[in-house]
Amino acid sequence: MNVVIVGGSVAGIRTARALREQGYAGPVRVVEAEAEVPYDKPPLSKGSVDGDACVPLITLEEADDLGIELLLGCRVVSLDADRRRVTLDDGAVLPFAHLVIATGLTPRRAPYDVAGVHVLRSLADARAMRSAIAGAARLLVIGAGFIGAEVTALARAHGVDVTLVDPEPVPLGRAVGRDLGERLSDLHRRHGVETRFGTTVRSLEPAGEGFRATLDDGALVEADVVVVGIGSEVNVGWLAGSGLLVDDGVVCDEVGAAVGTVGIHAVGDVARWAGVRVEHWTNAVEQAVCVARTIARPDDVATHAPVAYVWSDQYDWRIQLVGSRDVARVPDVVEEAEPFRLAATWRDADGRVTGGVTVNWPRESLRLRSALARGEAS
Ligand SMILES: Cc1cc2nc3c(=O)[nH]c(=O)nc-3n(C[C@H](O)[C@H](O)[C@H](O)COP(=O)(O)OP(=O)(O)OC[C@H]3O[C@@H](n4cnc5c(N)ncnc54)[C@H](O)[C@@H]3O)c2cc1C
């Protein structure tokens, strides 16, 4: 009984590690398209422009010690679910007893697919983007989601002038609500960012050594470097013709089994468990542990009842989001000025706590997360 894991980022590597932790003794292979030793993604948009941001998820020695075979620089191009095998780009065929799909996402470029424009997903992307920002005077960031906001902060710390554009009136409004979104707008402005919210980049074209963007209102933005952070697409092209059900990710049941299959699971950003697909690190780790346990201990199938969690570092703010938040409702907010910290808690119509957002208050975030997990939040 062997396991083949496709994708060697956090979901894939954590699955491999968890298999060993759960006592799985069979062969485990991780096939990863990139040639890099597996690394973590959150540091790519954090820290400083001068830093390399490479944080390994596993070393070659560790993989060896754990009996995890890493096939790096190998892309899986197809899956034959009936004959239980995958084919690699060099023509090699790998049979499997269990397959774990952990192929994650690719950043969306359209409609800004102009040569020289940066996106950020891989270590190579991060290295290219950091070196471009380090040599730039003016940066245009399109998209003020988590990645766009973190890149903006990274560039401001390096003294680069940044224009940040997003069609929404405030950043992350759908995740944190309008009021906290306003405060994030203020945070950017206090750090000297030119914010252009509620408008889009209508067109982007090369201009001299850099770029010229035209906004919806006709305003022009000139920049040496452009970073686009407008969302991603699931890496499922290699599953075409496999018979697997794909609909905004690999469609899985509540413990990650691809529906209509036996012994095929999906984890992390590419996986849609029980109708929900999540693009956050902690979710990838929790799903990996759940699937590894199901494979290692088939008679004791894990249940999965996570409390959603994501963090983001923007300037001197650590923002942590927990649980679910109906942002149409007004949260209870507690805040302190010196040093600044804030906790916003959302309740449902019956007054039950459903989730929260904290800024620079990790203990409160942890308390809320634990209480929600125990069903004791009040
Ligand atoms: C810059 C950045 C910052 C982030 N910061 C945060 C944060 O602060 N907090 C947070 O909660 N989350 C953050 N995230 C999100 C988090 O990193 C992701 O949720 C996590 O990486 C998902 O892991 P994954 O293994 O599912 O997918 P991915 O990390 O996308 O990895 C998928 C892997 O599969 C490989 N692959 C794809 N197709 C194939 C194929 N056909 N054959 C072989 N290999 C293939 C890819 O090369 C890739 O290595 C950040 C993401 C990025 C990009």
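As the structure is a computational prediction, the values presented were derived from the model and not from experiment.

1. With respect to the pairing of strand 4 (residues 76-80)
Okay, step 1: In this sheet, strand 5 (residues 85-88) lies alongside strand 4 in antiparallel orientation, the contact comprising 4 bridges. The residue of strand 5 that forms the bridge with Leu 79 is Val 86.
Okay, step 2: Adjacent in sequence and paired antiparallel, strand 4 and strand 5 are bridged by 4 residues, among which Arg 84 carries a positive phi angle near 55°.

2. Considering the domain arrangement of the chain
Okay, step 1: Taken domain by domain, the chain comprises domain 1 (3-106 + 232-296), domain 2 (109-228) and domain 3 (316-374).
Okay, step 2: Taken over C-alpha atoms, the centre of domain 2 sits 27 Å from the centre of domain 3.
Okay, step 3: The interface of domain 2 with domain 3 comprises 12 residues on the first partner and 12 residues on the second.
Okay, step 4: Summing the contributions of domain 2 and of domain 3, the shared interface buries around 910 Å²; its carbon and sulfur component is 71%.
Okay, step 5: Across the domain 2-domain 3 interface, the total number found is 1 salt bridge.
Okay, step 6: Among the ionic pairs, Glu 335 bridges to Arg 183, the shortest N-O distance being 2.8 Å.
Okay, step 7: Where domain 2 touches domain 3, the interface holds 2 residue pairs in polar contact (both at pLDDT 80 or more).
Okay, step 8: Counting residues per element, the ones that place at least two in the side of domain 2 that touches domain 3 are helix 5 (173-176) and helix 6 (178-190).
Okay, step 9: No other element matches the 5 residues that helix 6 contributes to the side of domain 2 that touches domain 3.
Okay, step 10: Of the residues assigned to the side of domain 2 that touches domain 3, the class counts are 6 nonpolar, 3 polar and 3 charged.

Reading guide: rules and limits
- Residues numbered from 1 in each chain as written.
- Predicted model: local features only at pLDDT ≥ 70, side-chain atom pairs only at ≥ 80, totals over all residues.
- Heavy atoms only, no water.
- Pairing = 2+ DSSP bridges.
- Helix = DSSP H or I, 4+ residues; strand = E, 2+ residues; numbered from the N terminus.
- Domains from an automatic or database assignment.
- Contact = heavy atoms within 4.5 Å.
- Buried area = accessible area lost by both parts, 1.4 Å probe.
- Salt bridge = Lys/Arg side-chain N within 4 Å of Asp/Glu carboxyl O.
- Polar contact = N/O pair within 3.5 Å; in protein donor to acceptor, adjacent residues only side chain to side chain.
- Nonpolar A, V, L, I, M, F, W, Y, C, P; charged D, E, K, R; others polar.

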